[in-house]
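# Structure assessment
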Amino acid sequence: MNRRFAAPIAAILLASLSLTACGDDEPTTAPPGQNDQVKAGVIAIVDVAPIYLGKQQGIFAKHKIDLTLETAQGGSAIVPNVVSGQWQFGFSNVVSLLLAQSRNVPIKVVANGNNSTGDTKNDFGGIVVKDPGITSPKQLEGKKVATNALKNIVDTSVKDIVKKDGGDPSKVNFTELAFPDMSAQLEAGNVDAIFVVEPFLSQAKAKGWRVIGTYADVDPNLCVALYFTSKELIGKNPDLVKRFTDAMTESLAYADSHPDDVRAVLGTYTQITEAVRKGLTLPKFPSTINKDAVNKLADLSVTYGLMPSKPDVGALLP
Amino acid sequence: MTNATRPGPARRTGIPPRLLGLLGLAGFAVLIEILPRVGVLPARYFPTTTAIFGALADYAGDSRFWTALGQTLRTWVIGLTIAVLAGVAVGVVIGAVPVLRALTASTIEFLRPIPSVALIPLVVVLVGSGMSGTLVLVVYASFWQVLVQVLHGVADVDPVARDTARAYHLGFGYRVRYVVWPTALPYAVTGIRLATAVALILTITGELTIGTPGLGKLMDTAYNSGLEAVPSVYAIVVVTGLIGVLANNATRAAERYVLAWHPAVRAELPA
């Protein structure tokens, strides 16, 4: 009896002892002379290639930052982790940050993320249709369009593109789908149009489907995403925030001038195959934040009812 | 083992049941190979068996896969261990003290049906999306499986045995060890087997939805890496399935070993 009782328990205890030794450890402020342990929350998509490249090229180490990249499914999971201090920095799309600002979430932008290529024919995100009869955005009136999230940057962009083409954005029906699921739904005819980003955009184009509008149609310099931190960290460790901004700025400049390195680094944190990596359209990675483009998105967000009044963009941006 | 000689319904065919099972599996694999090829299933979104195993072979040479596998197993085992130890300890104590049992019954029945996944938003905000976040989900879900079984087991103690132990003035420790535990053990083992499966489900769910490092997250990156990476998504589904099968077999074997004296297990052997 005793042996039967003891054996499984002992085995379980032993397993847990040997395993718990390697748990998560909290980042702490580095002693003088050593690098700061920093965690940044990103989404494992094309847009965040510069931060991976900056880490790979030793740019963060040069600024005395030991960077650990944590990935999340979306900005909604990153913001709480940054505000609570689990992660020091985060990556999020501009509209989500504007929404956070309008709700007084204590965050502040520290560096640029990524922007439209400015080429309306060749951008990294755009509206794709399968029906050859649809040739212009205003024809999306009364049609079903897939967006990755409602009341965010993608549907706001689609509405703006439809409006600029002379259509009525309020007549477009949006439905929520994850980017990876969109092509299949368009193929099956469950939606009439999809807004996809790379690598799905180039794969949709390869099927012969038509792109009828892109981020560049909203604004040639459209700022899609930014890096941010908590106001708490700015108050507690302004030097670290400044070093992160410097490293990020340098990483963005490096990424923008080394597209082949960007395509290579994509293979390290995504599972995009090499052939697709070579062919996809990369975003622009300007090292400075285009304030006009952010203001424009803030205005559009108010126009399309995402927030009641324009948030304080000046307070959100550095 | 005596399994091979165990009589079963397949005996009539003359083929051992285990072989028949493998044949069925092979048939399924062939079906998955054919359906996308002939266009019944869209090959782009539902790859063939060979494409899935090709992706699996690619993973075998990828350190990211082995790291993720290790992370998943770690979260799973730690979560399960905590849940089992806590479930057994709490179950024995509550079950042995009638007042405690009456006091906690309603609370347990309220908390137990809450699906662990409903706690995800709360966990992300309170604990974060690291391993500890998923651990909370795993422990929450599997703890109840063990606790409820142990409670039933403790309640099942033969009143004569209990009264005899009391008449001999056995202490709490002795009563637990010689009266309560032998009765509760088969129940506890069932609870542990259920918890093993539930803990694996929640581990993968946590990785997939809150982004805790592991197989679930690797699957999510594959899912977000374009249509060329679709077979990789299925490859990870296959791996998680294999882990589930191995875990079930392991708990079954442990059950037979621990309960070798129990009539329910002994009856399985040919007379």
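Residues numbered from 1 in each chain as written. Chains lettered and ligands numbered in written order. Predicted model: local features only at pLDDT ≥ 70, side-chain atom pairs only at ≥ 80, totals over all residues. Heavy atoms only, no water.

## Some details on the overall build of chain B
Across its full length, chain B holds eleven helices and zero strands. Ordering the α and β elements of chain B from the N terminus gives α-α-α-α-α-α-α-α-α-α-α. For chain B, the spread of C-alpha atoms along the principal axes amounts to about 75 × 60 × 30 Å. In chain B, which comprises 271 residues, the share counted as buried stands at 43%. Considering only contacts in chain B between residues 6 or more positions apart, those separated by 24 or more positions represent 72%. (Helix = DSSP H or I, 4+ residues; strand = E, 2+ residues; numbered from the N terminus. Buried < 20%, exposed > 50% of the residue type's maximum accessible area, 1.4 Å probe, protein only. Contact = heavy atoms within 4.5 Å.)

## Regarding the nonpolar core
Nonpolar side chains tend toward joint burial in soluble globular proteins. Core analysis: the largest hydrophobic core is formed by 102 residues, its most contacted members being Ile51, Leu67, Leu98, Leu140, Tyr215, Tyr227 and Phe244 of chain A. In terms of residues, this core owes the most to one element, helix H11 (residues 238–257) of chain A, which gives seven residues. With residues near it in sequence (within four places) discarded, Ile51 of chain A still touches Ala40, Val42, Phe60, Leu67, Leu69, Tyr227, Phe244 and Met248 of chain A. Core analysis: the second largest hydrophobic core is formed by 59 residues, Ala83, Val84, Ala235 and Ile243 of chain B among them. (Core = buried A, V, L, I, M, F, W, Y, C linked by side-chain atoms within 4.5 Å.)

## Examining the packing of helix H3 (residues 63–96) of chain B against helix H6 (residues 131–155) of chain B
Where H3 of chain B contacts H6 of chain B, the two axes come as close as 7 Å, and the packing angle between them is 35°. In terms of crossing hand, the pair formed by H3 of chain B and H6 of chain B is right-handed. (Axes fitted to C-alpha atoms, helices over the stretch in contact; angles between N-to-C directions. Left-handed = near helix turned anticlockwise from the far one by under 90°.)

## Comments concerning the pattern of salt bridges
The tally for this structure, following the rule as stated, stands at 15 salt bridges over all chains. Of the charged contacts in the structure, one is a salt bridge between Glu109 of chain B and Arg112 of chain B, with a shortest N-O distance of 3.0 Å. Among the residues examined, Glu109 of chain B registers a relative accessible area of 43% and is labelled partly exposed. Given the relative accessible area of 35%, Arg112 of chain B is considered partly exposed. In this structure, Arg193 of chain B and Glu255 of chain B form a salt bridge, with 2.9 Å as the shortest nitrogen-oxygen distance. One end of the pair, Arg193 of chain B, is in helix H8 (residues 172–210); the other, Glu255 of chain B, is in helix H10 (residues 230–258), and 62 residues separate them in sequence. Since its relative accessible area comes to 12%, Glu255 of chain B is described here as buried. Salt bridges sharing common partners tie together Asp36, Asp239 and Arg243 of chain A. (Salt bridge = Lys/Arg side-chain N within 4 Å of Asp/Glu carboxyl O.)

## Topic: the packing of H8 of chain B against H10 of chain B
All names here are of chain B. Look at H8 against H10: their axes get within 10 Å of each other, and the N-to-C directions meet at 170°. Accordingly, the angle class assigned to the pair H8 and H10 is roughly antiparallel. With respect to the hand of their crossing, H8 and H10 are arranged in right-handed fashion. When H8 is examined against H10, the residues Leu185, Val189, Thr190, Arg193, Thr196, Leu200 and Ile204 are found in contact with a partner set consisting of Thr240, Ile243, Gly244, Ala247, Asn248, Thr251, Arg252, Glu255 and Val258. A class-by-class count of the residues in the contact of H8 with H10 yields seven nonpolar, six polar and three charged. (Parallel < 35°, antiparallel > 145°, perpendicular 65-115°, else oblique. Nonpolar A, V, L, I, M, F, W, Y, C, P; charged D, E, K, R; others polar.)

## A few points about the interface of chain B and chain A
Contact residues are listed per partner, giving 42 residues for chain B and 41 residues for chain A. Together, Tyr45, Arg64 and Tyr223 of chain B form the three largest contributors to the area buried by chain B at its contact with chain A, with a combined 15%. Here chain B and chain A share zero salt bridges between them. The tally of links between chain B and chain A comes to 13 residue pairs in polar contact (both at pLDDT 80 or more). Listed by contribution, the elements that provide at least two residues to the side of chain B that touches chain A are H3, helix H5 (120–126), H6, H8, helix H9 (215–223) and H10 of chain B. The biggest single contributor to the side of chain B that touches chain A is H8 of chain B, with seven residues. (Buried area = accessible area lost by both parts, 1.4 Å probe. Polar contact = N/O pair within 3.5 Å; in protein donor to acceptor, adjacent residues only side chain to side chain.)

## Here we look at the packing of aromatic side chains
Residue and element names in this part refer to chain A. If you walk through the whole model with that rule in mind, you get twelve aromatic pairs over all chains. On the numbers, 5.4 Å between centres and 45° between planes, the contact of Phe124 with Tyr215 is tilted. Note that Phe124 is positioned in the loop between strand E4 (107–115) and strand E5 (125–129) and Tyr215 in helix H9 (residues 215–218), a separation of 91 residues in sequence. Among the aromatic residues, ring-to-ring pairing joins Phe60, Phe89 and Phe244 into one connected group. (Phe/Tyr/Trp six-rings, centres within 6.5 Å; stacked < 30°, edge-to-face > 60°.)

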